[in-house]
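Report on the structure
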Amino acid sequence: MNEYSPAHIKETAMPLGARQPGEEDKDSTEIADEACARAPIGLLAELTHRCPLQCPYCSNPVELERVNTELTTEEWQSVMRQAAELGILQIHLSGGEPTARRDLVDIVKTAADAGLYTNLITAAVLLKREQLEQLKEAGLDHVQISIQDSDARPENADRIGGYKGGSAKKKIVAGWVRELGMPLTINAPIHRHNVDNVEGIINYAVELGADRVEIAHVQYYAWALKNRAALMPTREQFNVAAKIVEKAREDLKGIIVIDSVVPDYYAKYPKPCMGGWGRGIINVTPSGRVLPCHAAESITGLEFDNVKDKPLAEVWLEGEAFQKYRGTDWMKEPCRSCSRREIDYGGCRCQAFALTGDAANTDPACSLSPVHAQWAKVAEVESHETPPEFIYRRPGGAGPKPSAQKKPVPSDA
């Protein structure tokens, strides 16, 4: 299900780089001490790629990692302790669907005991109240629930997520989160099938008692790229939605925080990839591969280290994949001489690779890219055509999959 990394996670302002000359013989403890001065602020832990939903904009890789390759409980607990030693502050427990892991409570407890702020990113449809209570008791700090539309349009929400009854269950779980006194964020990926209801989605988040709502326009890589023609809103729809978001920010100031992620295809300049490649976020896949961003595996030719083989701090500081596009030395023109090179860092490396074949090229989202006009035209054309059917991950997924659970009721445990 992996939604996007929380929009409220900011990049670190700390400098980054490899070891200096003469540091080759440092042991792992010294490496960790060195890394604390330049640590990422957050770690996205993809505990599993298993997920009951089949959202057409899923940002997990096209080839999912199988359950028999997932890190063990002890290995994930080691990642949590290493993250704390590295100086990481926040752990975002994601997937797939992280609640599919039976050892989630143990992992959360280890992270909390290590002093990490823990955020559960969940589709919520598998959660039971007893499990949520156990997670809170273990030290879970925050819950982020993804929704596909407001509760006023449950059929549309269930169709998008491919899970019958999902919308109703999400509402129930959001209620449990607030009853337990936990902070709640609502994440709403936006596309042509719900962009007309942005105001309703924001109001729904307020109704749920959320502290924050993320209006996150879909980013078109991984599985979402397969569904781009089905998901792309028109520029006019985006502009209307943007105005609604800005008005809501004023009207709801002090009530809810509203974050917004704009669609790249209608932007003048690209977003800094994860706050800059290898600057603020580190990602660990279900099998333990350590990535600069959750889509980095889409760039062929990059070598990714594994936490089974190397300490997390060593990978962060010296990993080939992290060094490849860290900073600005790797840049080609027009990025190399651009005044924005340390603002957006050339944009998204994965998108540059997917659409130009070279990850070192300027992100086509940038108006300075030589292929920007051609790239933007694709959005204009596809968004005005009749949308094709969604391509779901599972064969035969032309409609919502029946829930394996009985119809949810507020007393469900």
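Residues numbered from 1 in each chain as written. Predicted model: local features only at pLDDT ≥ 70, side-chain atom pairs only at ≥ 80, totals over all residues. Heavy atoms only, no water.

Re the pattern of salt bridges
Evaluation of the coordinates by the stated rule reveals 23 salt bridges. Between Glu70 and Arg101 there is a salt bridge whose closest N-O contact spans 3.3 Å. Within this pair, whereas Glu70 is found in the loop between β1 (42-46) and α2 (73-86), its partner Arg101 is found in the loop between β2 (90-94) and α3 (104-113), the two being separated by 31 residues in sequence. For Arg101, a relative accessible area of 6% corresponds to the buried category. Where Arg153 meets Asp149, a salt bridge forms, and the shortest distance between an N and an O atom there is 2.9 Å. On the basis of relative accessibility, which here comes to 24%, the residue Arg153 falls in the partly exposed class. (Salt bridge = Lys/Arg side-chain N within 4 Å of Asp/Glu carboxyl O. Helix = DSSP H or I, 4+ residues; strand = E, 2+ residues; numbered from the N terminus. Buried < 20%, exposed > 50% of the residue type's maximum accessible area, 1.4 Å probe, protein only.)

Some points on the pairing of β2
The buried count for β2 comes to five of five residues, which makes it a mostly enclosed element. Alternating residues of β2 divide into Gln90, His92 and Ser94 and Ile91 and Leu93, and every residue in both groups is buried. The pairing of β1 with β2 spans five bridges and is parallel. Among the inter-strand pairings, Gly42 is bridged to a residue of β2, identified as Gln90. (Pairing = 2+ DSSP bridges.)

Quick word on helix α6 (residues 166-179)
Taking 1.5 Å per residue, 14 residues should reach 20 Å; α6 reaches 20 Å between its end C-alpha atoms and fits that length. Gly166, Ser167, Lys169, Lys170, Ile172, Val173, Ala174, Trp176 and Val177 are the residues of α6 that are buried. In the core, the buried residues of α6 are packed alongside α4 (129-138), β4 (142-146), α5 (154-161), β5 (184-190) and α7 (198-207). Of the residues one or two after α6, Gly181 is the one with positive phi, at around 75°. (Expected span 1.5 Å × (residues − 1). Contact = heavy atoms within 4.5 Å.)

As for the sheet that holds β5
Strands pair in a sheet through their backbones, by hydrogen bonds, and they do so in one of two ways: parallel or antiparallel. Pairing in this open sheet of nine strands is mixed, and the strands run β7-β6-β5-β4-β3-β2-β1-β8-β9 from one edge to the other. Each of the sheet's edge strands pairs with one partner strand only, and the pair in question is β7 (257-261) and β9 (290-291). Most of the contacts of α2 go to β1, to which it runs at about 175°, and overall it touches β1, β2 and β8 (281-284). Running at roughly 165° to β4, α6 makes contact with β4 and β5 of the sheet. (Axes fitted to C-alpha atoms, helices over the stretch in contact; angles between N-to-C directions.)

Considerations on the layout of surface pockets
Computed from the structure, the second largest pocket encloses a volume of approximately 320 Å³. For the second largest pocket, the lining is made up of 18 residues, of which Pro61, Val62, Ala222, Glu297 and Ser298 are closest to its centre. It is helix α13 (residues 349-356) that contributes the most residues to the lining of the second largest pocket, three residues altogether. Of the residues in the lining of the second largest pocket, the class split is nine nonpolar, four polar and five charged. (1 Å grid on protein atoms, 1.4 Å probe; cavity = no way out; pocket = protein on both sides within 12 Å on 5 of 7 lines; lining within 4 Å. Points joined across faces, edges and corners; volume = space filled by probe spheres on them. Nonpolar A, V, L, I, M, F, W, Y, C, P; charged D, E, K, R; others polar.)

Quick look at the packing of α7 against helix α10 (residues 235-251)
α10 packs onto α7 with a crossing angle of 30° between their chain directions and a minimal axis gap of 9 Å. Here α7 lies roughly parallel to α10, going by the angle between them. Regarding α7 and α10, the two cross each other, and that crossing is right-handed. Seen from α7, the contacting residues are Val198, Glu199 and Ile202; seen from α10, they are Ala241, Ile244, Val245 and Ala248. Grouping the constituent residues of the contact of α7 with α10 by class yields six nonpolar, no polar and one charged. (Parallel < 35°, antiparallel > 145°, perpendicular 65-115°, else oblique. Left-handed = near helix turned anticlockwise from the far one by under 90°.)

Side note on the packing of α2 against α3
Taken N-terminus to C-terminus, the directions of α2 and α3 make an angle of 20°; their axes are 9 Å apart at the nearest point. The angle between α2 and α3 places the two elements in the roughly parallel class. In this structure, α2 crosses over α3, and the sense of that crossing is right-handed. Along the contact surface, α2 presents Thr73, Trp76, Gln77, Met80 and Arg81, while α3 presents Asp106, Ile107, Thr110 and Ala111. For the contact of α2 with α3, the class distribution of residues is four nonpolar, three polar and two charged.

Re the nonpolar core
Among the nonpolar cores identified, the biggest contains 65 residues, and Leu43, Met80, Leu93 and Ile215 are the most heavily contacted of them. Dropping the residues within four chain positions of it, Leu93 is found in contact with Ala45, Leu47, Met80, Pro98, Leu104, Ile107, Val108, Asn119, Leu120 and Ile121. (Core = buried A, V, L, I, M, F, W, Y, C linked by side-chain atoms within 4.5 Å.)

Points about the confidence of the model for the chain
Here the chain averages 88 in pLDDT, while 86% of its residues score no lower than 70. Segment residues 397-413: pLDDT under 50, and 39 contacts once partners within four positions in sequence are set aside and those in other chains are kept. (pLDDT = per-residue confidence, 0-100.)

What about the pairing of β5?
One face of the sheet, then the other: side chains in a regular strand alternate in exactly this way. In terms of burial, β5 is a largely internal element, seven of the seven residues being buried. Burial along β5 is two-sided: the residues Leu184, Ile186, Ala188 and Ile190 and Thr185, Asn187 and Pro189 are all buried. Examined bridge by bridge, β4 and β5 share four bridges and lie parallel to one another. Residue Val143 lies in a different strand from β5, and its bridge partner there is Leu184. Pairing of β5 with strand β6 (residues 212-217), which is carried by six bridges, proceeds in the parallel orientation.

Comments concerning α4
Turning to α4, its buried residues are Gln131, Leu132, Leu135 and Ala138. Down the axis of α4, the buried side of the element spans an arc of 120°, and every buried residue falls inside it. Looking at the buried residues of α4, the elements they touch are α3, β3 (117-122), β4 and α6. Directly after α4, the chain includes Gly139, whose backbone phi takes a positive value near 120°. (Arc of directions from axis to C-beta.)

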